[in-house]
Amino acid sequence: MKYRQLGNTELSVSELSFGTWAIGGAWGKSDDQEALRSLHYAIDRGVNFFDTADVYGDGHSEELLAKATKGQESSIHIATKFCRAGDIHDPKTYEMPQVEAYLDGSLKRLERERVDLYQIHCPPKEILEDGSVFGVLDQLQEKGKIRHYGVSVETVEEGLICLQNPNVKSLQVIFNIFRQKPLEELFIEAKKKGVGIITRLPLASGLLTNKFSLDHEFEEDDHRRFNENGEQFNVGETFAGLGFKKGVELTKELEWIIEGRENMTRAALRFILDQAEVTCAIPGFKNQSQIQENLQALNTPSFTKHELNLLHDFYRNEVHPHIRGAY
């Protein structure tokens, strides 16, 4: 395992880390014992950073992380998120009484006295422009309840707004072969400011595993079934904003990246790790075999400059016109 510094903080995190939305809920059936086995497997192989949120299974993924990391609180870093358990458009959601209540709930479920990285969970642009929430987070940091804070954003514009606040230490962004827009400006500016980049949806909700056929059907409680068109939350959070069938078609056009890299999952994760500005990628998982497969990206050959140029042209000409929603 290789480790990268989270921006200009003292945190050094595994370049391949993991997100825990899938083991919390809304990705079809989940198995707590398998989730715990998977977490232990990852930790045993050097993974020292996990991302979660208070709304993943109504806090269930935080509880699973507490069990998996008990006794390792100083060496296994956890990032969690807040605001989506309330009305994300109501300014009161971001005032001290409510934010501290969210934080205390997460700390109780995580069985920790401090969160390593506390992130605002995809708030509206106007909340970020107002900026009052950053003052609240500063106070919670002074209280010792959070080590650092960052923001999970939906768009490049929101990310650039966050970079205006000197105490924002990380941005969590959707970034993968299908979503390369952050490379054009956001990553460059974040590096200048010493802000870490955590990349979510690195496999575009599974599209970039290359395992789906056009007639694939997802389970009833899987968000990939009920949010394909943004019915429940931002459309970009599902299949990177591409419709499922269009995404499958585009995936087939990418099969050339598999050559010399075993499969598309490894290649897609390698593409992200090849970006110097990225701190870590956080694929999701539901079982140990997925953790095992994702970790193989660490030993996968990097892309050449020529290949990266081909992928950028593919994104610009074939993918970009079909992405829905602001990003």
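Rules used in this analysis
Residues numbered from 1 in each chain as written. Predicted model: local features only at pLDDT ≥ 70, side-chain atom pairs only at ≥ 80, totals over all residues. Heavy atoms only, no water. Buried < 20%, exposed > 50% of the residue type's maximum accessible area, 1.4 Å probe, protein only. Helix = DSSP H or I, 4+ residues; strand = E, 2+ residues; numbered from the N terminus. Contact = heavy atoms within 4.5 Å. Polar contact = N/O pair within 3.5 Å; in protein donor to acceptor, adjacent residues only side chain to side chain. Axes fitted to C-alpha atoms, helices over the stretch in contact; angles between N-to-C directions. Parallel < 35°, antiparallel > 145°, perpendicular 65-115°, else oblique. Left-handed = near helix turned anticlockwise from the far one by under 90°. Nonpolar A, V, L, I, M, F, W, Y, C, P; charged D, E, K, R; others polar. Salt bridge = Lys/Arg side-chain N within 4 Å of Asp/Glu carboxyl O.

Caption draft 1: The arrangement of helix α11 (residues 264–273) in detail. For α11, the buried fraction is high: 10 of the 10 residues fall into the buried class. Those residues of α11 that sit buried are M264, T265, R266, A267, A268, L269, R270, F271, I272 and L273. On its buried side, α11 packs onto β1 (3–5), β9 (196–200), α10 (244–253), β10 (280–281), α12 (288–295) and α13 (305–319). Two or three places before T265, at the opening of α11, N263 has a side-chain oxygen 3.2 Å from that residue's backbone nitrogen.

Caption draft 2: Summary view of the packing of helix α2 (residues 32–44) against helix α3 (residues 60–69). The interhelical angle for the contact between α2 and α3, taken along N-to-C directions, is 50 degrees, at an axis separation of 10 Å. It follows that α2 is oblique to α3 by the angle criterion. Where α2 crosses over α3, the handedness of that crossing is right-handed. When α2 is examined against α3, the residues D32, A35, L36, L39, H40 and I43 are found in contact with a partner set consisting of H60, L64, L65, K67, A68 and T69. Grouping the amino acids of the contact of α2 with α3 by side-chain chemistry returns 7 nonpolar, 3 polar and 2 charged.

Caption draft 3: Seen up close, the pattern of salt bridges. Following the criterion strictly, the structure yields 23 salt bridges and no others. Here E15 ties to R4 by a salt bridge, and the two come within 2.9 Å at their closest N and O atoms. Of the two residues, E15 is situated in the loop between β2 (12–14) and β3 (18–19) and R4 in strand β1; the sequence distance between them amounts to 11 residues. Of the two residues examined, E15 and R4, each falls in the buried class. For D222, the salt bridge goes to R224, with nearest N and O atoms at 2.9 Å. Take D222 and R224: they sit in the same class, and that class is buried.

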